[in-house]
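Fold and geometry: a report
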Amino acid sequence: MEDRVLIFDTTLRDGEQSAGAGMTVDEKVEIARQLERLNVDIIEAGFPVSSPGDFEAVQTIAREVRKPIIAALAHANEAAVDRAGEALKDAAHPRIHIFISSSDQHIQHQLRKNREEVVEIAVKAVSRARQYTDDVEFSPMDSSRTEREFLAHMVRAAVDAGATTINIPDTVGYAVPEEFGGLITYLRAEVPELGDSVRISVHCHDDLGMSVANSLSAVKAGARQVEGCINGIGERAGNTAVEEVIMALRTRGDYFGVDTEIDTKQLYNTSRLVSQVSGFPVQPNKAVIGRNAFRHASGIHQDGVLKERTTYEILNPLDVGVPRSELVLGKLSGRHGLRSRLEELGYTLSNEELDKVHESFKELADKKREVTDRDLIALMGNERTAIEETYSLEHVQVTCGTGEIPTATVQLSLEDGSLRTDAATGTGPVDAVYQAINRIVGVPNELTEFSVNSVTEGIDAIGEVSIRIEQDGKPYIGRGADTDIIVACAQAYMNALNRLIAMGDTSRSPEAAGAV
Ligand code: MN
């Protein structure tokens with residue numbers, strides 16, 4: 001059997017679905033470019049029929065990202081397949097990914113059809129997709145809860161209709177590893193093309209925390225494509241964390257006997273970018289790329305690692321691209337030094353972008369003597385999440401403390417340069433700042449998530465604030481980073497509000513989304 005496993009990244013489709021309408025087309029293109037640097041084999045760029053915004057994102061990525069296969073998701077019906085085909089028209093390597101439910105739970109309750117009708121619909125959609133491209137993937141949704149004999153029958157029909165990849169999704173995260181691997185073995189026996197002329201893929205969800213284990217068990221049984229998202233984001237409890245699958249295959253090649261062609265040194269940057277853009281922080285104890293993954297707290301472990309790294313580390317932090325955290329740049333570092341360090345970290349900047357980052361860098365270096373790689377990545381996050389600003393933050397000041405009523409004064413500037421100033425009280429300093437901003441901006445919204453993380457150790461560390469606000473059930477993320485956390489909070493809120501104002505009309509309705 002082939003010893004290469006393809007990585008199918010669906011951060012921009014399944015992952016974005018969970019983040020809601022949080023990402024702009026530009027942000028999606030930036031993530032797609034980073035996924036290309038990571039050397040993933042397939043990027044699922046979106047679900048074109050679900051909204052005009054998704055269509056545009058798939059089309060733009062198909063035009064601009066040329067090396068990987070670009071996949072577009074479609075329901076098994078003419079309109080959806082045609083829309084996917086259209087969005088991929090200019091792709092260098094287009095793939096249409098069709099799905100329809102196969103389990104009785106879904107067929108009876110959701111589709112209200114009988115089994116044979118569903119097979120017929122699937123066959124028609126696959127044939128139609130083949131008119132647009134020779135690369136067609138088919139997913140029987142909810143495979144792991146589908147009766148095996150019927151699943152094999154449906155897969156057989158899709159293969160005969162021209163599907164070149166068969167994806168077996170554990171849509172609801174129900175499978176357990178041994179059983180899921182067994183399902184792949186069973187299907188290969190029933191449909192001999194599987195694992196030979198037709199590639200087997202798996203797509204697992206993490207509802208019971210077994211998505212990575214299920215995916216690996218399927219690889220052992222002959223799957224040669226694994227789907228998932230960076231940082232394991234995705235519907236509900238999320239998808240398979242692709243970085244974990246990649247490093248498990250690489251580290252335990254002795255057991256699996258297969259590998260990917262991923263440039264693992266890009267994993268850390270990719271993880272950071274997805275976290276910044278999606279607004280989902282990475283948990284510190286996250287396998288492979290969490291901030292504590294290479295930190296040793298126990299004395300005996302520290303002693304061992306200092307003597308010989310491999311005593312307690314099975315992964316080398318350099319292999320996954322974790323940056324050094326020692327001093328890299330100071331106040332006197334010029335634009336040139338900054339540019340070359342950012343390039344080493346994987347950022348390519350235009351002169352204009354460099355000017356902006358250099359300004360923020362100088363401000364930071366004034367407040368903080370040592371500017372580390374992690375600080376630079378946080379600064380880049382500010383640039384990345386920049387959005388067209390209807391209002392920008394000029395000044396924020398707060399009074400708070402024991403015996404004080406938390407009070408904030410805020411000054412914002414408008415596009416025409418005019419200034420608005422207002423003040424408000426709140427239950428705490430952050431609430432007061434947000435109330436004062438609300439008095440000026442006057443856009444109703446609800447704050448649904450708020451988190452503050454320090455970027456580095458030390459009392460002078462940058463505080464990074466991620467927030468999520470909602471209007472009519474649609475989420476908008478915001479991010480800010482500053483050594484003053486009140487400033488970071490205000491920046492994050494302005495970022496989210498400006499995003500809401502800029503994107504308010506184009507977001508998709510939640511019911512239009514699908515879920516393989
Ligand atoms: Mn999914």
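Preceding block: the structure.
Residues numbered from 1 in each chain as written. Predicted model: local features only at pLDDT ≥ 70, side-chain atom pairs only at ≥ 80, totals over all residues. Heavy atoms only, no water.

1. Some thoughts on the overall build of the chain
Heads up, the rule is: By definition, any uninterrupted DSSP run of H or I lasting at least four residues is a helix, any uninterrupted run of E lasting at least two residues is a strand, and each is numbered from the N terminus. In this scheme, a residue with accessible area under 20% of its type's maximum is buried, one over 50% is exposed, and one in between is partly exposed, where area comes from a 1.4 Å probe on protein chains only. Residue contacts are counted whenever heavy atoms from the two residues lie within 4.5 Å of one another. By the counting rule applied here, Lys and Arg register as positive and Asp and Glu as negative, while His and the ends of each chain are not counted. For charged residues, the charge sits on one atom: NZ in Lys, CZ in Arg, CG in Asp, CD in Glu.
What the chain contains, in helices and strands, is 18 helices and 14 strands. Based on the C-alpha atoms only, the size of the chain along its principal axes is roughly 70 × 60 × 45 Å. A burial count over the chain gives 55% of its 516 residues as buried. Considering only contacts within the chain whose residues lie at least 6 apart along the sequence, 67% involve residues at least 24 apart. Between the averaged position of the 53 positive side-chain charges in the chain and that of its 81 negative side-chain charges there is a distance of 3 Å.

2. Re the environment of Arg130
Filter applied, for reference: Residues adjacent in sequence count toward polar contacts only when both atoms are side-chain atoms; beyond that, a polar contact is any pair of N or O atoms within 3.5 Å, and within protein one must be able to donate a hydrogen and the other to accept it.
With respect to the helices, strands and loops of the structure, Arg130 is situated in helix α6 (residues 115–130). It is 35 Å that separates the C-alpha atoms of Arg130 and Ala248, two residues lying 118 residues apart in sequence. At 2.8 Å, the side chain of Arg130 and the backbone oxygen of Gly162 are in polar contact.

3. Quick look at the sheet that holds strand β12 (residues 446–454)
So the rule is basically this: A pair of strands counts as paired when DSSP detects no fewer than two bridges linking them. Lines fitted to C-alpha atoms define the axes here, with helix axes fitted over just the stretch in contact, and angles between the N-to-C directions of these axes take values from 0 to 180 degrees.
Strand order in the open sheet made by the three strands is β12-β13-β14, with antiparallel pairing throughout. Of all the strands in the sheet, just β12 and β14 (474–482) have a single pairing partner and so form its edges. Ignoring strand direction, the axes of neighbouring strands in this sheet form an average angle of 15°. Here β12 runs beside strand β13 (residues 463–471); their pairing, made up of eight bridges, is antiparallel. Considered in β13, the bridge of Val452 is made with Val465.

4. Thoughts on helix α9 (residues 211–220)
Within α9, eight of the 10 residues are buried, leaving the element largely enclosed by the surrounding structure. Turning to α9, its buried residues are Ser211, Val212, Asn214, Ser215, Leu216, Ser217, Ala218 and Val219. Here the buried face of α9 lies against β6 (165–170), α8 (177–190), β7 (199–204), β8 (225–228), α10 (242–251) and α11 (253–256). Positive phi appears at Gly222, one or two residues downstream of α9, with a value of about 120°.

5. Quick look at unusual backbone geometry
With a phi close to 65°, Asp142 is a non-glycine residue in the positive phi region. Its location among the elements puts Asp142 in the loop between β5 (136–141) and α7 (148–161). Classification of Asp142 by relative accessible area gives buried; the value is 0%.

6. Thoughts on the sheet that holds β8
Here eight strands make up a closed barrel; going around it, the order is β1-β2-β3-β4-β5-β6-β7-β8 and the pairing parallel. Each adjacent strand pair in this sheet contributes to an overall mean axis angle of 25°, direction not counted. As paired strands, strand β3 (residues 69–75) and strand β4 (residues 94–101) are joined by six bridges and run parallel to one another. Pairing of His75 across the sheet is with Phe99, part of β4.

7. Focus: the nonpolar core
Quick reminder of the rule: In these notes, a set of buried Ala, Val, Leu, Ile, Met, Phe, Trp, Tyr and Cys residues joined through side-chain atoms within 4.5 Å is what counts as a nonpolar core.
With 114 residues, the main nonpolar core has Ile98, Phe138, Ile166, Ile168, Leu194, Val202 and Leu376 as its most contacted residues. Ranked by residues supplied to this core, first place goes to α7 with nine residues. Leave out the neighbours within four places in its chain, and Phe138 touches Ile98, Ile100, Ala122, Val126, Met154, Ala158, Ala163, Thr165, Ile166 and Asn167.

8. So, the state of the cysteines
Linking two cysteines covalently through their sulfur atoms gives a disulfide. Heads up, the condition is: In this description, a disulfide is simply a cysteine sulfur pair whose atoms lie within 2.5 Å.
Inspection of every chain in the model, using the stated rule, returns zero disulfides. Of all cysteine sulfurs in the structure, the one in Cys489 sits closest to Cys400, which takes part in no disulfide; the separation is 11 Å.

9. A word on the packing of helix α2 (residues 25–38) against helix α3 (residues 52–64)
Put simply, the rule is: An angle below 35 degrees is read as roughly parallel, one above 145 as roughly antiparallel, one from 65 to 115 as roughly perpendicular, and any other as oblique. Crossing handedness is defined as follows: a turn of the near helix away from the far one that is anticlockwise and smaller than a right angle gives a left-handed crossing, while the clockwise case is right-handed. As a working rule, the residues Ala, Val, Leu, Ile, Met, Phe, Trp, Tyr, Cys and Pro are called nonpolar, Asp, Glu, Lys and Arg charged, and the rest polar, with Gly in that last group.
Relative to each other, α2 and α3 sit at 40°, their axes nearing to 9 Å. If you check the angle between α2 and α3, you find them oblique. Note on packing geometry: the crossing formed by α2 with α3 is right-handed. Between α2 and α3, the contacting residues are Val25, Lys28, Val29, Ala32 and Arg33 on the first element and Gly53, Asp54, Glu56, Ala57, Thr60, Ile61 and Glu64 on the second. Looking at side-chain class alone, the contact of α2 with α3 contains five nonpolar, two polar and five charged residues.

10. Focus: the pairing of β5
Selection rule: A crossover gets the label right-handed when its path from the first strand over the helix to the second runs clockwise, viewed with the strands pointing away from the viewer.
β5 sits mainly inside the fold: six of its six residues count as buried. Of the two faces of β5, both are covered, the one formed by Val136, Phe138 and Pro140 as well as the one formed by Glu137, Ser139 and Met141. As defined by bridge partners, β5 adjoins β6 across two bridges and the pair is classed as parallel. Paired with Glu137 across the strands is Thr165, a residue of β6. What joins β5 to β6 is α7, and the crossover it makes is right-handed.

11. Description of the pattern of salt bridges
Short version of the rule: Any carboxyl oxygen of Asp or Glu that lies within 4 Å of a side-chain nitrogen of Lys or Arg is treated as forming a salt bridge with it.
Applying the stated criterion across every chain, the model contains 37 salt bridges. With its nearest N and O atoms 2.7 Å apart, the salt bridge here joins Arg95 to Asp135. Highlighted residues: Arg95 in strand β4 and Asp135 in the loop between α6 and β5, separated in sequence by 40 residues. Comparing Arg95 with Asp135, the two get one shared label, buried. Between Glu243 and Lys286 there is a salt bridge, with its nearest N and O atoms 2.8 Å apart.

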